[in-house]
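Below are the chains, spelled out letter by letter.
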Amino acid sequence: MKWTGEQVENLYLQAIVVRRDLLSIRDLREEHLPLLRNIYSKCTKAIKENYNVPSSKLRIYCHYQPSYYHLHIHFSALSFEAPGKEICNWEIMLIISFIYEYFQFSLY
């Protein structure tokens with residue numbers, strides 16, 4: 001799936017984490033919450049500035065199982081239908097906040 005960069009109703013972007021030790025959501029711990037919050041705030045700000053799409057009109061998620069094992073977060077327009085199982089970025093942060101080892105042992 002490639003986005004042409006023209007029609008915002010088909011907006012699809014990814015934030016790829018630089019750290020090589022984070023392969024999927026199973027590697028996330030409480031210590032990674034600032035990283036996730038930073039990704040959220042910087043990406044939603046950049047999307048608003050560049051494409052005039054507010055965060056309320058975005059679907060922000062990770063796949064589990066991911067298509068490749070290097071942690072990445074998807075940002076798409078709500079109208080864009082993504083294949084596979086999605087786990088919302090805010091759900092990930094809430095779960096880590098309360099039970100930070102959830103994904104390490106989960107069979108989700």
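Residues numbered from 1 in each chain as written. Predicted model: local features only at pLDDT ≥ 70, side-chain atom pairs only at ≥ 80, totals over all residues. Heavy atoms only, no water.

An unreviewed UniProt entry lists the chain under the name M7GpppX diphosphatase, from Armadillidium nasatum.

Caption draft 1: Structural context of helix H1 (residues 33–51). The terminal C-alpha atoms of H1, which comprises 19 residues, lie 26 Å apart, in line with the 27 Å expected from a rise of 1.5 Å per residue. Every buried residue of H1 is listed here: Leu33, Leu36, Ile39, Tyr40, Thr44 and Ile47. Buried residues of H1 fall within an arc of 120° about the axis and therefore sit on the same side. For H1, the exposed residues lying more than 90 degrees away from the buried face are Pro34, Lys42, Lys45, Glu49 and Asn50. (Helix = DSSP H or I, 4+ residues; strand = E, 2+ residues; numbered from the N terminus. Expected span 1.5 Å × (residues − 1). Buried < 20%, exposed > 50% of the residue type's maximum accessible area, 1.4 Å probe, protein only. Arc of directions from axis to C-beta.)

Caption draft 2: Up close: the confidence of the model for the chain. For the chain, the average pLDDT comes to 78, and 69% of its residues sit at 70 or higher. Per-residue pLDDT, averaged within each element of the chain, yields its smallest value for strand S4 (residues 86–88) (59) and its largest for H1 (92). (pLDDT = per-residue confidence, 0-100.)

Caption draft 3: Structural context of the pairing of strand S3 (residues 72–77). Burial within S3 is extensive, with six of its six residues counted as buried. In this structure, strand S2 (residues 58–63) lies alongside S3, joined through four bridges in antiparallel fashion. If you follow Ile60 over to S3, its bridge partner there is Phe75. (Pairing = 2+ DSSP bridges.)

Caption draft 4: Just the pattern of salt bridges, in detail. According to the stated counting rule, one finds two salt bridges in the structure shown. The closest approach of N and O atoms between Arg19 and Asp21, which form a salt bridge, is 2.5 Å. What makes Arg19 partly exposed here is its relative accessible area of 35%. Between Glu49 and Lys45 there is a salt bridge; the shortest N-O distance is 3.9 Å. Highlighted residues: Glu49 and Lys45, both in helix H1, separated by four residues, approximately one helical turn. For the pair Glu49 and Lys45, one class covers both residues: exposed. (Salt bridge = Lys/Arg side-chain N within 4 Å of Asp/Glu carboxyl O.)

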